Amino acid sequence: MPVPRDALVSPGDLMVTQEVAAAMPDGRRITRWTFGSRAGVTAEVLSLGARLQALNAPDRAGRRANVLLGGAGVEDLLGQASYFGATVGRYANRIARGVLPLDGVTYRLSTELTGHTLHGGPDGFATRLWDGVPVRADRQVGVRFRLRSPAWDQGFPGAVTAEVTYLLDPDGELSITYEAATDAPTVVNLTNHAYFNLAGEGHGTVLDHLLRVEAAGYLPVDRGLIPLGPVEPVAGTPFDLRRARRIGTCITAEHPQLQAAGGGFDHNWVLDGAGLRRAALLSHPASGRRVECLTTEPGLQVYTGNHFDGSLAGRSGRRYTAYAGVALEAQHFPDSPNRPDYPSTVLRPGEKYRSRTVFRFSAE
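Read on for an overview of the structure. (Residues numbered from 1 in each chain as written. Predicted model: local features only at pLDDT ≥ 70, side-chain atom pairs only at ≥ 80, totals over all residues. Heavy atoms only, no water.)

### Remarks on the sheet that holds strand 21 (residues 232–233)
Here's step 1: An order of 18-29-26-23-20-21 is seen for the six strands of this open sheet, with the pairing classed as antiparallel. Two strands in the sheet have a free side with no partner beyond their single neighbour: strand 18 (195–196) and strand 21.
Here's step 2: Inspection of the sheet shows strand 20 (residues 215–219) paired to strand 21 by two bridges, in the antiparallel sense. The partner of Tyr-218 across the bridge, within strand 21, is Glu-232. (Pairing = 2+ DSSP bridges. Helix = DSSP H or I, 4+ residues; strand = E, 2+ residues; numbered from the N terminus.)

### Some points on the packing of aromatic side chains
Here's step 1: Throughout the structure, instances matching the rule amount to 18 aromatic pairs.
Here's step 2: Relative to Trp-130, the ring of Phe-125 lies with its centre 5.8 Å away and its plane at 85 degrees, an arrangement referred to as edge-to-face. Summarising the burial analysis for this pair, Phe-125 and Trp-130 share the class buried.
Here's step 3: Taking the centre distance of 4.2 Å and the plane angle of 10 degrees together, the rings of Tyr-218 and Phe-239 count as stacked. In this pair, Tyr-218 sits in strand 20 while Phe-239 sits in the loop between strand 21 and strand 22 (245–246), placing the two residues 21 residues apart along the sequence. Assigned by exposure class, Tyr-218 and Phe-239 land together as buried. (Phe/Tyr/Trp six-rings, centres within 6.5 Å; stacked < 30°, edge-to-face > 60°. Buried < 20%, exposed > 50% of the residue type's maximum accessible area, 1.4 Å probe, protein only.)

### Side note on the pattern of salt bridges
Here's step 1: In this structure the tally under the stated criterion is 19 salt bridges.
Here's step 2: Close ionic contact of Arg-315 with Glu-44 constitutes a salt bridge, the shortest N to O distance being 3.3 Å. You can see Arg-315 sitting in the loop between strand 27 (309–313) and strand 28 (319–321) and its partner Glu-44 sitting in strand 4 (residues 42–46), a full 271 residues away along the chain.
Here's step 3: Owing to a relative accessible area of 13%, Glu-44 belongs among the buried residues under this scheme.
Here's step 4: Residue Glu-163 pairs with Arg-146 through a salt bridge whose shortest N-O separation is 3.7 Å. (Salt bridge = Lys/Arg side-chain N within 4 Å of Asp/Glu carboxyl O.)

### Quick notes on the sheet that holds strand 24 (residues 277–283)
Here's step 1: The sheet built from nine strands is open, its strands ordered 12-13-14-15-31-25-24-19-22 with antiparallel pairing. For this open sheet the edge positions go to strand 12 (131–137) and strand 22, each flanked by a neighbour on one side alone.
Here's step 2: In the sheet, strand 14 (residues 160–168) pairs with strand 15 (residues 173–182) via nine bridges, with the strands oriented antiparallel. Its bridge partner being in strand 15, Thr-161 is matched across the sheet by Ala-181.

Written out as structure tokens, the structure is:
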């Protein structure tokens, strides 16, 4: 029998509801919160992975659709779709060979079949149940999640307490704030791994979407998607997105870096500027939906779903083939612990890790 939704916060047009969505294999309950504006954008988040499960946004005619890819059930969310919409960490992206040098000591981290550490390890934050509570701030409503990661979790030194807060306002602005503290030196790099398809979840590919990224440089990678080293200029390459370009036009160009990533983007752009500023703009001309990404982070990993092969069906029941969605992951650079020339991701006792990313939805 479905569990009734409980209205927890309802300030005017804004609302937050809560329900039991499913159960983990060991019986622990997974909670879903739904929040936002009844007349505008609404979000669904799960305690499993502190993840965005859905974002319902109107098109230019006011028709709402879920614009995020997502797994249909718990088995998917613990398997092929484990990163979809999730808070990934303790270190988003890759650490080469699972080697973490820190303060003269080399730590060995849990790795994937590739031999590298990805998104914090095989049992990273995306597979954990987070504690969540509804929150309200000014004209925003949402949910705050908290997770404690013990020392040596996936091989990382230091116990870390992480918090992720989702807040949505009536204008369609979703704010994601990350905070973390540690009791011993470690590294922290958190992001959200949502895949967008502004035509609607399961509705074709993002090849017809337009993407702009505010970056004059990017990081080329090897076949293992580990950065080769120095920042390279985007000028004269398919990675030059300083003006909006059709994704399909860019990733079908002849360029060795597109082949290295499996036939598309899976690269970190080195963002211009500092502080909270615009990182990217994604738009879908046919529906009029747009999402602007702002962040305090120095990098933006763009992944165009190159390896989706149709084996996973989403909540709509439609299967995800190559390029079914695009991820815009605001974060520090991949493999920073092994690259002293990259911005540091080291967190020490007494310090506070804090990062903010904003997604602004609109239609034109």
